[in-house]
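# Coordinate analysis (summary)
Given next are the chains, with one letter for each unit.
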Amino acid sequence: MTCIVQLVGPSGSGKTTVIVSVSRRLKNLGFKVAVVKHTHHHVDVPGKDSWRFLEEGGADYAIVLKGSGERIATFTKDKSLEELIKEATNKVDVILVEGFKDLKIGHRIELTK
């Protein structure tokens, strides 16, 4: 069964730092880890390739590899967070969620400044 841990807190409270540390430790112990992050920044810009694949081409996923695959970004549309987490539970042991403060997802940890 996949363990889901959600970290919430204000900007600068250390959410990303905690997730990086926990993820590294879990990986060293042999666990498969996924991280889900909520952001207000633009990640899929209208007119760019991944946006066009999804919007103009109607693809379900746009998977973008940098170089020989050293960095991979996966974009999808019309899927809820719950659907994406359900898909990930078949592939990983632990899901670390950063943000989504208005939702209750797994074990919730609230950080403060």
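Model, not experiment: these values are computed from the prediction. Within each chain, residue numbers correspond to sequence positions counted from 1 in written order. For a predicted model such as this one, the threshold for reporting local features is a pLDDT of at least 70, and the threshold for listing and counting side-chain atom pairs is 80 or more; totals across whole chains, interfaces and linings nevertheless cover every residue. Each side-chain value is derived from all of the structure's non-hydrogen atoms; neither hydrogens nor water enter the calculation.

## Focus: the pattern of salt bridges
Here, a salt bridge means any side-chain nitrogen of Lys or Arg that lies within 4 Å of a carboxyl oxygen of Asp or Glu. Within the structure shown, the criterion is met by 4 salt bridges. Glutamate 98 is paired through a salt bridge with lysine 37; the nearest N and O atoms lie 2.9 Å apart. With glutamate 98 in strand β5 (residues 94-98) and lysine 37 in strand β2 (residues 33-37), this pair connects stretches of sequence that are 61 residues apart. Residue classification places glutamate 98 among the buried residues on the basis of a relative accessible area of 6%. Since its relative accessible area comes to 49%, lysine 37 is described here as partly exposed. Residue glutamate 110 pairs with arginine 108 through a salt bridge whose shortest N-O separation is 3.2 Å. We call a residue buried when its accessible area falls under 20% of the maximum for its residue type, exposed when it is over 50%, and partly exposed in between, using a 1.4 Å probe and counting protein chains only. The exposure class assigned to glutamate 110 is exposed, which follows from its relative accessible area of 57%. In this description a helix means any DSSP run of H or I spanning at least four residues, a strand means any run of E spanning at least two, and both kinds are numbered starting from the N terminus.

## Focus: a nonpolar patch on the surface
The patch calculation keeps residues exceeding 30% relative accessible area without a salt bridge and links them within 9 Å when they carry like charges or within 5 Å when they are nonpolar (Val, Leu, Ile, Met, Phe, Trp, Tyr). With residues, only the protein chains shown are counted as cover, and all accessible areas are computed by Shrake-Rupley using a 1.4 Å probe. A cluster of nonpolar residues, Tyr61, Ile63, Leu65, Ile72 and Leu84, forms a patch on the protein surface that exposes about 460 Å² of accessible area. Ranked by residues supplied to the nonpolar patch, first place goes to strand β3 (residues 61-66) with 3 residues. Positionally, leucine 65 belongs in strand β3.

## Considerations on the nonpolar core
Counting residues in each nonpolar core, the largest one holds 10 residues, listed as Ile4, Ala34, Leu81, Ile85, Ala88, Val92, Ile95, Val97, Phe100 and Ile105. The greatest single-element share of this core, amounting to 3 residues, is contributed by helix α3 (residues 81-89). In this structure isoleucine 4 touches Ile85, Ile95, Val97, Ile105, Gly106 and His107, once residues within four positions along its chain are discounted. Buried residues of nine kinds, namely Ala, Val, Leu, Ile, Met, Phe, Trp, Tyr and Cys, make up a nonpolar core once their side-chain atoms join them within 4.5 Å. Within the second largest apolar cluster, 8 residues are counted, among which are Val5, Ile19, Val94 and Leu96. When checking whether two residues touch, look at their non-hydrogen atoms; a contact exists if any pair is within 4.5 Å.

That is the geometry; function is a separate question.
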